[in-house]
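Breakdown of the fold
Read off the chains here:
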Amino acid sequence: MNNKQMIVYKENFITKIFKFFKNLFKSDNIEYDNTRKTSSIDEEVKEDIQKKTEFLEGIKVDPKSIDNISKRNAIIKEIDENIEALNKLSLEELYKIEEYYDVVIKQNEEKIKKLGASA
């Protein structure tokens with residue numbers, strides 16, 4: 001006799017249908033730890049907001065400084081075009097122009113240093 005072979009179980013049709021509906025309507029009783037997930041998400045959101053605010057604070061420009069730069073550039077351009085305008089200026093205006101040109105001189109010195117370092 002040959003009884004040593006493995007027995008193969010075949011499900012009948014009704015058992016297959018029963019298992020299908022059981023799996024379909026079976027409720028999974030899986031509980032998630034939402035508090036841990038939400039707290040980590042809250043921390044990430046707070047970090048993102050902090051990074052964005054730091055970035056925005058870093059790129060803010062004082063409007064007065066922009067006005068000063070535009071005024072300086074306008075005065076320098078006017079003087080470059082009309083040298084005789086220097087004779088018409090008061091002492092206070094000349095001191096302001098001196099300050100403006102100090103900035104221009106510093107910028108030019110930095111450019112020269114960069115060019116000298118790269119050469």
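Let us look at the structure shown here.

So, how was this worked out
Residues numbered from 1 in each chain as written. Predicted model: local features only at pLDDT ≥ 70, side-chain atom pairs only at ≥ 80, totals over all residues. Heavy atoms only, no water. Salt bridge = Lys/Arg side-chain N within 4 Å of Asp/Glu carboxyl O. Buried < 20%, exposed > 50% of the residue type's maximum accessible area, 1.4 Å probe, protein only. Helix = DSSP H or I, 4+ residues; strand = E, 2+ residues; numbered from the N terminus. Expected span 1.5 Å × (residues − 1). Patch = residues over 30% accessible without salt bridge, like charges linked within 9 Å, V, L, I, M, F, W, Y side chains within 5 Å. Areas by Shrake-Rupley, 256 points an atom, 1.4 Å probe, with all protein chains shown as cover.

This brings us to the pattern of salt bridges. Counted according to the given criterion, the structure contains 1 salt bridge. Of the charged contacts in the structure, one is a salt bridge between glutamate 11 and lysine 19, with a shortest N-O distance of 2.6 Å. For glutamate 11, a relative accessible area of 30% puts it in the partly exposed group. Judged by its relative accessible area of 41%, lysine 19 falls in the partly exposed class.

This part is about helix H4 (residues 91-118). Between its first and last C-alpha, H4 extends 40 Å over 28 residues, near the 40 Å set by a 1.5 Å rise per residue. Judged by how many residues are buried, H4 sits mostly at the surface: 2 of 28 residues are covered.

Together, Phe13, Ile14, Ile17, Phe20, Phe21, Leu24 and Phe25 line one region of the surface with nonpolar side chains, adding up to about 820 Å² of accessible area. Locating phenylalanine 25 in the fold gives a position in helix H1 (residues 13-25). The exposed category is assigned to phenylalanine 25, whose relative accessible area is 65%.

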